Amino acid sequence: MQARALKSEEYFIETEPYYQATGSEITIFEAAYGNHLPVLLKGPTGCGKTRFMEYMAWRLKRPLITVSCHDDLTASDLVGRYLVKGGETTWVDGPLARAVRAGAICYLDEIVEARKDTMVVIHPLADDRRALPMEKLGVLLEADANFCLAVSYNPGYQSVLKDLKQSTRQRFVALEFDYPNSDLEAKIVARESKVNPVLAEKLVKFAHMTRNLKGSGLEEGASTRLLVHAGKLIASGVEPVSACRSAIAQAITDDAEMLAAVQELSSSLF
Amino acid sequence: MADNAPLTVEQILQPLEAWLEVEFTFLQVHELAVALSGRSREEQDFFLSWIRRIASTNIQIAYQFAVRAIAGIAHMDQRVIAAWALHAMDTYDRGGLRPAIQVIEDVENFVQLSHAHAAGAVFEDISGILLNFVHGLSGRPLKLEQSDVPYTDSETLFLPAVIARMETAEDNFVLAKAMVAYQWAQTRFGSFRVDLAGTLANYENGEHALWQFHGLETLRLEACLQQELPGLYREMLRLKRTLGAAEMPEPWQRFAAMLAAPDASVMTSVSLLDAAYSAPPALPACYQGELRPDAVAQCMAARTEREKMHLRVKLAQMLEELPQQAQEKAPESPPKINVKAQQDQANELPSFDITLDDVPIAPPEGVKQLLTSVYLDFGEIPPEYLVPAGDGDYDLTQFEEQAKDPNDVWQGTYHEEGATLYPEWDHGRQHYRKNWCVMREKDVTPVFDDFVPQTLDKYSGLIKHLRRTFEAMRDEDRLYKRQAEGDEVDIDALVEAIADARDGSEMTDRLLMRMHRTERNVAVMFMVDMSGSTKGWINDAERESLILMCETLETLGDRYAIYGFSGITRKRCELFRIKQFDEPYNDAVQARISGIRPQDYTRMGFAIRHLSSLLNGVEARTKLLITLSDGKPDDYFDGYRSAYGIEDTRQALIEAKRQGIHPFCITIDKEGQEYLPHMYGAVNYVVIDEVRKLPLKVADIYRRLTT
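Residues numbered from 1 in each chain as written. Chains lettered and ligands numbered in written order. Predicted model: local features only at pLDDT ≥ 70, side-chain atom pairs only at ≥ 80, totals over all residues.

Q: I'm lost on the overall build of chain B in this one. Help?
A: Assigned secondary structure in chain B consists of 28 helices and 19 strands. The buried share among the 707 residues of chain B stands at 37%. Counted over contacts in chain B with a minimum sequence separation of 6, partners at least 24 positions apart contribute 71%. (Helix = DSSP H or I, 4+ residues; strand = E, 2+ residues; numbered from the N terminus. Buried ≥ 20, exposed ≤ 12 C-beta atoms within 10 Å, placed from the backbone. Contact = placed C-beta atoms within 7 Å.)

Written out as structure tokens, the structure is:
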């Protein structure tokens, strides 16, 4: 596949992404979309939130604009700003404004990481007004009928400083994501990484061991995504124990003692 | 190289006589010196340093250690000797001289030597890793502790202090891991789901029966481990081969096959015990340790009682919190709670679904864990566990360790009840004394007098000045101009840039401006000396400084806490709560500041350790620990003074720094220059030469520290 440059509102997902539903999340999302309701995805990292969004964008045939929020993300990063071009100022739409105009799905990943002033911009979009105020232009941008707002956040490492305010969270239809149960997770790992089912099962078992460690030294256990990574390494001929070390153990902790313990777990298992 | 030449008998004798105080103790050290003089200089230094370190704790132990260690030098590697010596000193700290001498005398038992030059796995080095390892395996959260032989009481796994049966350090670690995994398997695969004492009572020779039963269980658990942890199982087989384990005789081969069946349980072992009783004794596996039915029974009895009550109370709470309509449906019949264990795969721990009158509900916090633990004990959830506790007052506290009123404790004899224990650094030993300081938090008795208004009045000019200075330090949004990236166009920059471009020079790209929000994110802990020596005007100055500090910090908005410290001996280390982090600055806090009174002595290590842990509970980018003190660390009776006290304080400060806390000391001790640079570092202290200047200075120092 060759690299190509696309305008963000023209990014349609053309082939069906692999997504394994764990509950009724697809139906609920479709209903919310049909009723112009914004959606909040909750869940730990690497459990399939982003993949779900890609799948829904494909299913609904809408372009998907993803913004990964970080702690310096301001309202103008979302809405747009004036830039200088050849001695003149020109207005450039931000990703949120583009999505509102084009009727795309705008997915704000890890919304709590963004600065507080961004929430204010989202609020009018997230209720029945469905409009984006663009102060600097003096314009109120009404959303296209196909526009959809989705945000995600991870309650796992929610700190006091990074909690979602009630006034924000009570505007959304919330979908809860978690790691799938063992059988399903093994199936996903096998399918995504093309390792044999027995090995996928062991990887899932290993993931459960690291998830048991959550709270006693680990912030977060191994996610499904990491299992897929490890599986891919194994499928390319890497020894399972070293694959787990590189793809999982090193990814979840830097603490030498914890690393050694996780390493002992994987060497016991394989 | 003259420096590395071995020491002569005389050179060894001299320090030995001094350390062991031969003049008074009349210990025979000459032979020791002769024996040691034949060693290499490196070995001599190693032994002499350990003898010195132990002698700083107790001379008798040091002497016994020297006698045995020098005789046994060929058999042990230095790491093991070090672990042995530390273990002896820990035992001395806990139990006194006699048990410590016992440890020294039982050196063979301690090391379990079977090889010359064993490179043992030392408990302290491996316990951290193995504890995480066992937490990663499923089931009940288990603890890991040190003991003479490996065994488990079903809640705590025990390992010996040093494992040295194998040749290499790696193999010894694997052996330790196998022991831990084996003990975990005992709890995980239900070895204790049987009344062992009752079963064994049927046999004439109970000890033999226990041995054979343990042998059967080992076979069964090995099969389980082969299923569950095949990688480890391979290693376990390798260990056995390395140790040259004999082939299993009949009928043990037959037993093994039966116990490896997928549906084998502890009952299979029990049913085979009759046959095994008359069979030749089971061959022990190197990792199986001991089976101690008494310890297990005791631990289980306490746990099942506790968990049953906890579960029933939790269920009752759950019912109460359910929406009203669910309860109104059937007011006369009690709700029926069902728990269904769902097993995704055979041999996996089940997950539990709770249903209330067949309607599934989300299990509350902690209930899943309880259910898992109960399941491990019984292999099911007994129905009586699912009866929600009635209206009566169920006193859960009888199952908890009770937090005693600190003031009551001194009336009893057991002074460590309900206290937090902290280690202390012994610089003579060059190691920590474990659980040495008995720390308690107490409240300062508030005094509602006119001290606060008087202070505010006395310093009213200064307070105004301080408020103004500190207001200027508050969070402020600053507009950054001429930025390459930003939210808005900087018209000034743009005009200049266009002019530049017309002029023919290069046009800059720094044309935007951006609002920058600085967030002050500071948490500060004030640790105030409340020792007896502060009596009088030092105490007044401290209290005035605190009032001024609070007034200014309120303007600034930094989070802060104030604790006083004092103590008398290691058994009575006290911290006085004056203001906690989440407490607002109000009358009560003012009254407590006013109520600060000189107490006993200046033991500092425990205070720094405890306050550091409190500071770590606060989320802040900058964490400060500011000590207000009037002199060097010093305590009554148990040697906490001069070098010992300074070194412990220094060690506690190093620990704090490692956790990302910036310690700082404000003292009025004019001799502070002599020891403070060593403790706090060259720039992290201030000596104030006049006591009455303290209130004026503290706020100023704080301002410099945080900008």
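Q: Mind showing me how you'd approach the overall build of chain A here?
A: From N to C terminus, chain A includes eleven helices and nine strands. Per-residue burial for chain A yields a buried fraction of 44% across its 270 residues. Summarising the internal contacts of chain A: among those between residues at least 6 apart in sequence, 71% fall at separations of at least 24.

Q: I'm lost on the sheet that holds strand β2 (residues 143-146) of chain B in this one. Help?
A: Two pairing modes exist for strands in a sheet, parallel and antiparallel, and in both the strands are linked by backbone hydrogen bonds. Residue and element names in this part refer to chain B. Strand order in the open sheet formed by three strands is β2-β4-β3, and the pairing between neighbours is mixed. Looking at which strands have only one partner, the edges of the open sheet turn out to be β2 and β3 (151-152). Note that β3 and strand β4 (residues 156-159) share two bridges and pair antiparallel. Looking at the pairing, Tyr151 lines up with Phe158 of β4. In the packing of helix α9 (residues 123-136) onto the sheet, contacts are made with β2 and β4, and the angle to β2 comes to roughly 160°. Running at roughly 150° to β4, helix α10 (residues 169-188) makes contact with β3 and β4 of the sheet. (Pairing = 2+ DSSP bridges. Axes fitted to C-alpha atoms, helices over the stretch in contact; angles between N-to-C directions.)

Q: Is there a simple way to think about the interface of chain B and chain A in this case?
A: In many analyses, interface size is given as the accessible surface area lost on bringing the parts together. Facing the 23 residues of chain B at the interface are 30 residues of chain A. Broken down by secondary-structure element, the contributors of at least two residues to the side of chain B that touches chain A are α9, α10, α13 (230-242), β12 (488-489) and α22 (491-503) of chain B. When residues in the side of chain B that touches chain A are grouped by element, the largest group, six residues, is from α9 of chain B. A per-class count over the side of chain B that touches chain A returns eleven nonpolar, seven polar and five charged. (Nonpolar A, V, L, I, M, F, W, Y, C, P; charged D, E, K, R; others polar.)

Q: For this particular structure, what's the right way to read the packing of helix α10 (residues 240-252) of chain A against helix α11 (residues 256-269) of chain A?
A: A packed helix pair is summarised by two numbers, namely the angle formed by the two axes and the spacing between the axes. Residues and elements named next belong to chain A. Interhelical geometry of α10 versus α11 gives an angle of 140° and a closest axis separation of 9 Å. Comparing their axes, α11 and α10 come out oblique. Considering how the two elements wind past one another, α10 and α11 form a crossing that is right-handed. Facing Val241, Cys244, Arg245 and Ala249 of α10, the residues of α11 in contact are Leu259, Val262, Gln263, Ser266 and Ser267. Grouping the amino acids of the contact of α10 with α11 by side-chain chemistry returns five nonpolar, three polar and one charged. (Parallel < 35°, antiparallel > 145°, perpendicular 65-115°, else oblique. Left-handed = near helix turned anticlockwise from the far one by under 90°.)

Q: Sorry, what's going on with the pairing of strand β17 (residues 622-629) of chain B here?
A: Side-chain positions along a regular strand alternate between the two faces of the sheet. Residues and elements named next belong to chain B. Most of β17 sits inside the fold, with seven of its eight residues counted as buried. Note: strand β14 (residues 522-529) against β17, seven bridges, orientation parallel. Within the sheet, the bridge partner assigned to Phe526 lies in β17 and is Ile626. Across seven bridges, the pairing between β17 and strand β18 (residues 661-667) is parallel. Bridged to Ser629 within β18 is Thr667.

Q: Where do I start with the confidence of the model for chain A in this structure?
A: Close inspection of predicted coordinates is inappropriate in any region flagged by low pLDDT. Predicted confidence across chain A gives a mean pLDDT of 88, with 97% of residues reaching 70 or more. The element-level mean pLDDT for chain A is lowest in strand β3 (residues 80-85) of chain A, coming to 83, with helix α1 (residues 25-34) of chain A highest at 94. (pLDDT = per-residue confidence, 0-100.)

Q: How do you make sense of the environment of Asp487 of chain B when you look at a structure like this?
A: You can see Asp487 of chain B is positioned in the loop between β11 (477-483) and β12. When the 17 C-beta atoms within 10 Å are taken as the criterion, Asp487 of chain B is described as partly exposed. C-alpha separation for the pair Asp487 of chain B and Met515 of chain B, spaced 28 residues apart in sequence, amounts to 7.7 Å. Apart from the residues lying within four places of it in its own chain, the contact partners of Asp487 of chain B are Thr74, Ser76 and Arg81 of chain A together with Arg514 and Met515 of chain B.

Q: Honestly, the packing of helix α20 (residues 451-458) of chain B against helix α23 (residues 537-556) of chain B in this entry has me stumped. Any pointers?
A: Residues and elements named next belong to chain B. It is the contact of α20 with α23, at a shortest axis distance of 10 Å, that shows an interaxial angle of 75°. By the angle between their directions, the pair α20 and α23 is classed as roughly perpendicular. Across the interface between the two elements, Phe451, Val452, Thr455 and Leu456 from α20 touch Arg543, Glu544 and Ile547 from α23.

Q: Sorry, what's going on with unusual backbone geometry here?
A: Most peptide bonds take the trans configuration, and most residues that are not glycine carry a negative phi. The backbone phi angle of His36 of chain A is positive, close to 55°, even though this residue is not glycine. Its identity is not glycine, yet Thr569 of chain B carries a phi of approximately 60°, on the positive side.

Q: What is the right way to look at α9 of chain B in this model?
A: Residues separated by three or four positions in an α-helix point in the same direction, a consequence of the helix having 3.6 residues per turn. Look at α9 of chain B: 19 Å from first C-alpha to last across 14 residues, which is about the 20 Å you get at 1.5 Å a residue. All of the buried residues along α9 of chain B are Phe123, Ile126, Ile129, Leu130, Leu131, Asn132, Phe133, Val134, His135 and Gly136 of chain B. (Expected span 1.5 Å × (residues − 1).)

Q: Would you take a moment to explain the sheet that holds strand β16 (residues 573-579) of chain B for this structure?
A: Residues and elements named next belong to chain B. Taken together, eight strands build an open sheet; the order of strands is β9-β10-β16-β15-β14-β17-β18-β19 and the sheet is mixed. Among the strands making up the open sheet, the edge pair consists of β9 (420-426) and β19 (685-687). The average angle at which neighbouring strand axes cross in this sheet is 25°, direction not considered. Of the strand pairs in this sheet, β18 and β19 are connected by three bridges, and their pairing is parallel. When the sheet's bridge partners are listed, Thr667 is paired in β19 with Val687. Against the sheet, α23 touches β14, β15 (559-567) and β17, its axis set at about 170° to β14.

Q: Even after reading the chapter, I still don't get the environment of Ser56 of chain B, so can you show me in this structure?
A: All names here are of chain B. The topology assignment puts Ser56 in the loop between α4 (41-55) and α5 (59-71). Ser56 gets classed as partly exposed once you count the C-beta atoms within 10 Å, which come to 18. Once the C-alpha coordinates of Ser56 and Asp426 are considered, the two residues, 370 residues apart in sequence, prove to be 8.9 Å apart.

Q: What am I meant to see in the environment of Ile65 of chain A here?
A: Residue and element names in this part refer to chain A. Structurally, Ile65 is set in strand β2 (residues 64-68). By the C-beta count within 10 Å, which is 22 here, Ile65 ends up buried. Taking C-alpha positions, Ile65 is 4.8 Å from Cys106, a pair spaced 41 residues apart along the chain. For Ile65, the contacting residues outside a window of four places in its chain are Ser8, Glu9, Pro95, Arg98, Ala99, Ala104, Cys106 and Tyr107.

Q: Whenever I open this one, α5 of chain B confuses me. Can you help?
A: Residues and elements named next belong to chain B. In this model α5 runs 18 Å from its N-terminal to its C-terminal C-alpha over 13 residues, within 8% of the 18 Å that 1.5 Å per residue would give. Of the residues making up α5, those classed as buried are Ile61, Ala62, Tyr63, Gln64, Phe65, Ala66, Ala69 and Ile70. Taken together, the buried residues of α5 touch α1 (9-19), α3 (30-37), α4, α6 (78-95) and α7 (97-105).

Q: Even after reading the chapter, I still don't get the pairing of strand β10 (residues 431-443) of chain B, so can you show me in this structure?
A: Residues and elements named next belong to chain B. One ladder, built from six bridges, connects β9 with β10; its direction is antiparallel. Note that in β10 the partner of Glu424 across the bridge is Arg433. A loop of four residues connects β9 with β10, the two strands running antiparallel in sequence, and Gln430 in this loop sits at a positive phi of about 60°. Inspection of the sheet shows β10 paired to β16 by five bridges, in the parallel sense. Each bridged residue has a counterpart across the sheet, and for Arg440 the counterpart in β16 is Glu574.

Q: Please explain the confidence of the model for chain B as it appears in this structure.
A: Residues and elements named next belong to chain B. The pLDDT averaged across chain B works out to 81; a share of 89% of its residues lies at or above 70. Mean pLDDT values for the elements of chain B range from 49 in helix α19 (residues 406-409) up to 91 in helix α25 (residues 605-616). pLDDT under 50 marks residues 400-404. Its contacts with residues more than four places away, or in other chains, come to six contacts. Counting contacts from residues 409-414, a segment whose pLDDT is below 50, to residues more than four positions away or on other chains yields four contacts. At the level of chain-chain contacts, confidence expressed as ipTM amounts to 0.79, with global pTM at 0.70.

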